[in-house]
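Single-letter residue listing:
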Amino acid sequence: MQYDQVIGQSPLQLQLTELVRQNRLSHALLLLSKEGSGALPLAIAFAQYLVCETAADTSADAPCGVCPACKKATQLIHPDIHFSYPTVTKKPGEKPIATDFINEWRSFVQLQPYGNLFDWIEMIKSKENSQGKITSEECNDIIRKLSLKSFESPWKILILWLPELMGNEGNKLLKLIEEPPPDTLLMLVSENEA
């Protein structure tokens, strides 16, 4: 996703770009915004900026959109950009992880980049009263993914959408958030301060 496709986030885009230029980018960012205000599209666009081959070489203000890394990031298939989001259980006893819903996630982000939790759950649920949550198994999968070396870019990036839907399972991620592997960025995209 290009920066110019993100609505109303220009000042924050500039701040994030400046952090990279000044080599002051932290290993974890919390993007807190109201539902539908564009924090998720901004996180995706910033991740594309970080993996963009041209932006890294030229200190550009935005991802180029044409290099192989940008094309993969636009399609949400870049191997160094990982996503975590609430999932639902489709069968009793099942322990779902985000990767089980990756095709639905790609469709959701392409069709409704400003969509909310309700829209997402409606898209993936198989029964009434399904509630989305980020499970303990998902936390284990995040730790596993981020412990690997990056494949194509200097960065490993995790975009964690709605981290407030983690219960005590989120405690597993505390060490990772405090002391991540080198060149790892965690972007927590939240809609709730509490």
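The structure we're discussing is the one just above.
Each value, and the rule that gives it
Sequence positions are assigned chain by chain, starting from 1 and proceeding in written order. Selection of residues for local features in this predicted model requires a pLDDT of at least 70, selection of side-chain atom pairs for listing and counting requires 80 or more, and totals for whole chains, interfaces and linings are taken over all residues. The side-chain figures draw on all heavy atoms in the structure; neither hydrogens nor water molecules are used. Whether a set of points on the 1 Å grid over the protein atoms alone is a cavity depends on a 1.4 Å probe fitting there but being unable to get out, while an open set qualifies as a pocket with protein on both sides within 12 Å along at least five of seven lines; lining residues are those with an atom within 4 Å of a point. Grid points are joined across faces, edges and corners, and a volume is the space filled by probe spheres set on the points. Elements are defined by DSSP. Helices are runs of H or I of four residues or more, strands are runs of E of two residues or more, and each kind is numbered from the N terminus. Amino acids outside the nonpolar list (Ala, Val, Leu, Ile, Met, Phe, Trp, Tyr, Cys, Pro) and the charged list (Asp, Glu, Lys, Arg) are all regarded as polar, and Gly is one of them. By definition, a salt bridge exists where a carboxyl oxygen of Asp or Glu is found within 4 Å of a side-chain nitrogen of Lys or Arg. We call a residue buried when its accessible area falls under 20% of the maximum for its residue type, exposed when it is over 50%, and partly exposed in between, using a 1.4 Å probe and counting protein chains only.

Asks: In this structure, what is going on with empty space enclosed by the protein? I would like to understand it.
Replies: Empty space among the atoms becomes apparent when a probe as large as a water molecule is rolled across them. All chains considered together, the criterion is met by one cavity of 30 Å³ or more. Each pocket or cavity is described by its volume, and for the largest cavity that value is around 80 Å³. Together, 15 residues line the largest cavity, and Gly36, Ala39, Leu40, Trp161 and Glu191 are the ones closest to its centre. When residues in the lining of the largest cavity are grouped by element, the largest group, three residues, is from helix α2 (residues 39-51). Its residues assigned to classes, the lining of the largest cavity shows seven nonpolar, five polar and three charged.

Asks: How should I be thinking about the pattern of salt bridges in this particular structure?
Replies: Any two side chains of opposite charge can pair, given that their charged atoms come close. Taken as a whole and judged by the stated rule, the model has nine salt bridges. With a shortest N-O distance of 1.8 Å, aspartate 61 and arginine 21 are connected by a salt bridge. With aspartate 61 in the loop between α3 (53-58) and α4 (68-74) and arginine 21 in helix α1 (residues 10-21), this residue pair connects regions lying 40 residues apart in the sequence. Note on aspartate 61: relative accessible area 46%, which makes it partly exposed. The salt bridge partner of lysine 175 is glutamate 179, with a shortest N-O separation of 3.3 Å. Here the salt bridges do not stand alone but share partners, grouping Glu18, Arg21 and Asp61 into one network.

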